[in-house]
Amino acid sequence: MLADQSSTDFVDFVEVAESLMDGYAKLIRNGSPASTVALAMLGATLNMYEMLGMRSELPSLLRTVADQIESENRMN
């Protein structure tokens, strides 16, 4: 899904990703419904794309992700 994965060292993102997931897991442990937390997570993604000036890229990316999910579901 990334245009140039060869220049990206994903290890650099591990700490940030773990921190985000810890925060979302804490919300669930504290009683927030999983669907609400998931929607908040998606909202954060939308905000990130807006902040980075990449909002126009998001619809195509989400379609690609949806197609992949649907394809995986058909295989199972």
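Please read these numbers as outputs of a predicted model, since none were measured by experiment.

Before going further, it helps to examine the overall build of the chain. Counting its secondary structure elements, the chain contains 3 helices and 0 strands. Reading the helices (α) and strands (β) of the chain from amino to carboxyl end gives α-α-α. Buried residues in the chain amount to 5% of all 76 residues. For the chain, the computed accessible surface area is about 6500 Å², with 59% contributed by carbon and sulfur atoms.

Scanning the entire structure with this criterion turns up 1 salt bridge. Across the salt bridge formed by glutamate 50 and arginine 55, the nearest N and O atoms sit 3.1 Å from each other. Judged by relative accessible area, glutamate 50 falls into the partly exposed class, the value being 43%.

A word on helix 1 (residues 14-29). Look at helix 1: 22 Å from first C-alpha to last across 16 residues, which is about the 22 Å you get at 1.5 Å a residue. Backbone geometry just after helix 1 places glycine 31 at a positive phi near 105°.

Across the chain, the average pLDDT comes to 88, with 88% of residues at or above 70. Across the chain, the element-wise mean pLDDT spans from 91 in helix 3 (residues 58-75) up to 94 in helix 2 (residues 34-51).

Rules and cut-offs
- Going along each chain's sequence as written, the residues are numbered from 1 onward.
- Given that this is a predicted model, residues contribute local features only at a pLDDT of at least 70 and side-chain atom pairs are listed and counted only at 80 or more, while totals for whole chains, interfaces and linings are drawn from all residues.
- Side-chain descriptors were evaluated using all non-hydrogen atoms of the structure, hydrogens and water having been removed beforehand.
- Under the scheme used here, helices are H or I runs from DSSP no shorter than 4 residues and strands are E runs no shorter than 2 residues, and both carry numbers assigned from the N terminus.
- Per-residue accessibility, obtained with a 1.4 Å probe over protein chains only, is compared with the maximum for each type, and a residue is labelled buried under 20%, exposed over 50%, and partly exposed between these values.
- Method for areas: the Shrake-Rupley scheme with a 1.4 Å probe, in which residue coverage is limited to the protein chains shown.
- For this analysis, a salt bridge means a side-chain nitrogen from Lys or Arg found within 4 Å of a carboxyl oxygen belonging to Asp or Glu.
- Expected helix span is taken as 1.5 Å per residue step, with the number of steps being one fewer than the number of residues.
- The quantity called pLDDT is the predictor's confidence in a given residue, expressed from 0 to 100.

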